[in-house]
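A look at the structure
Take a look at the letters that make up each chain.
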Amino acid sequence: MAETEGTALPERLLITRTTTGDGVSLVILAGEVDLDGSGPLREVLLASVESAPGTVVDFGEVAFLDSSGINVLICAHRAAESRGVWFRLAAPRDAVERVLRLVGVDALIPCYPSVEQALAG
């Protein structure tokens, strides 16, 4: 992995963006994806899909995801589609996976059980 940048929102959401050796963007989230963190998350994800051949969002350390986070994911997915690059979700915990399934995001955006599987696609 090369290049790492991070954004911290006090006690709510930590966003870390890393670029793999082949240029794929890995966005690692920790905390809660809600209205407070959706703006910075949107910026990071849109920058990722604009500059990388693919983006994986690691939800392994996310305990909560609300509708503002869902909207950010859909926006990033659409931006990736318009550029012809891929966008994948990885390692959601049970509560987050349930939200993704309830609103149908799992049918729109590929979701993998692990980061490694998402990177391999």
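Thresholds applied
- Residues numbered from 1 in each chain as written.
- Predicted model: local features only at pLDDT ≥ 70, side-chain atom pairs only at ≥ 80, totals over all residues.
- Heavy atoms only, no water.
- Helix = DSSP H or I, 4+ residues; strand = E, 2+ residues; numbered from the N terminus.
- Rg over C-alpha atoms; globule rule 2.2 N^0.38 Å.
- Buried < 20%, exposed > 50% of the residue type's maximum accessible area, 1.4 Å probe, protein only.
- Lys, Arg positive; Asp, Glu negative; His and termini not counted.
- Charge placed at Lys NZ, Arg CZ, Asp CG, Glu CD.
- UniProt positions renumbered as here; feature names shortened; annotations may be inferred.
- Contact = heavy atoms within 4.5 Å.
- Phe/Tyr/Trp six-rings, centres within 6.5 Å; stacked < 30°, edge-to-face > 60°.
- Lys NZ or Arg CZ within 6 Å of the ring centre and 35° of its normal.
- Salt bridge = Lys/Arg side-chain N within 4 Å of Asp/Glu carboxyl O.

Regarding the overall build of the protein
Scanning the protein from terminus to terminus reveals five helices and six strands. A compact globule built from 121 residues should have a C-alpha radius of gyration of about 14 Å, and the protein, at 13 Å, falls within 12% of that. Principal axes of the C-alpha set define a box for the protein whose edges measure 30 × 30 × 25 Å. Looking at the protein as a whole, 45% of its 121 residues qualify as buried. Side-chain charges in the protein split into 9 positive and 17 negative, and the spacing between the mean points of these groups amounts to 5 Å.

Here's the deal with the UniProt feature "domain: STAS" (unreviewed entry) in the protein
Within this structure's numbering, the places UniProt gives as "domain: STAS" (unreviewed entry) are residues 14–121. Between the end C-alpha atoms of residues 14–121 there is a gap of 25 Å, over a span that is 49% helix and 31% strand.

Some thoughts on the environment of Asp 106
Within the secondary structure, Asp 106 sits in helix H4 (residues 105–108). Along the backbone, Asp 106 and Leu 46 are 60 residues apart, and their C-alpha atoms lie at a distance of 19 Å. Dropping the residues within four chain positions of it, Asp 106 is found in contact with Leu 100 and Arg 101.

Some words on unusual backbone geometry
Despite not being glycine, Ala 91 has its phi angle at roughly 55°, a positive value. Position of Ala 91 among the secondary structure elements: in the loop between strand E5 (86–90) and helix H3 (94–102). On the basis of relative accessibility, which here comes to 17%, the residue Ala 91 falls in the buried class.

Description of the packing of aromatic side chains
The way to describe two aromatic rings as a pair is by their centre distance and the angle between their planes. Applying the stated criterion across every chain, the model contains zero aromatic pairs. Over the aromatic face of Trp 86 sits the side chain of Arg 88, whose NZ or CZ is 3.6 Å from the ring centroid.

Things to note about the pattern of salt bridges
Between side chains of opposite charge, pairing is possible as soon as their charged atoms come close. Summed over the entire model, instances satisfying the criterion amount to four salt bridges. Residue Asp 34 pairs with Arg 12 through a salt bridge whose shortest N-O separation is 1.9 Å. Separated by 22 residues along the polypeptide, Asp 34 in the loop between strand E3 (25–33) and helix H1 (35–51) and Arg 12 in the loop between strand E1 (2–9) and strand E2 (13–19) bring together distant segments of the chain. Its relative accessible area of 31% is what places Arg 12 among the partly exposed residues. When the shortest N-O distance is used, the salt bridge between Glu 61 and Arg 93 registers 3.3 Å. With Glu 61 in strand E4 (residues 54–65) and Arg 93 in the loop between E5 and H3, this residue pair connects regions lying 32 residues apart in the sequence. When its relative accessible area of 36% is taken as the criterion, Arg 93 is described as partly exposed. When salt bridges with common partners are traced through the structure, they connect Arg 12, Glu 32, Asp 34 and Asp 36 into a single cluster.

Observations concerning the side chain of Thr 55
Inspection of the secondary structure puts Thr 55 in strand E4. With residues up to four places along the chain from it excluded, the contact list for Thr 55 reads Val 24, Ser 25, Val 27, Ser 48, Val 49, Trp 86, Phe 87 and Arg 88.

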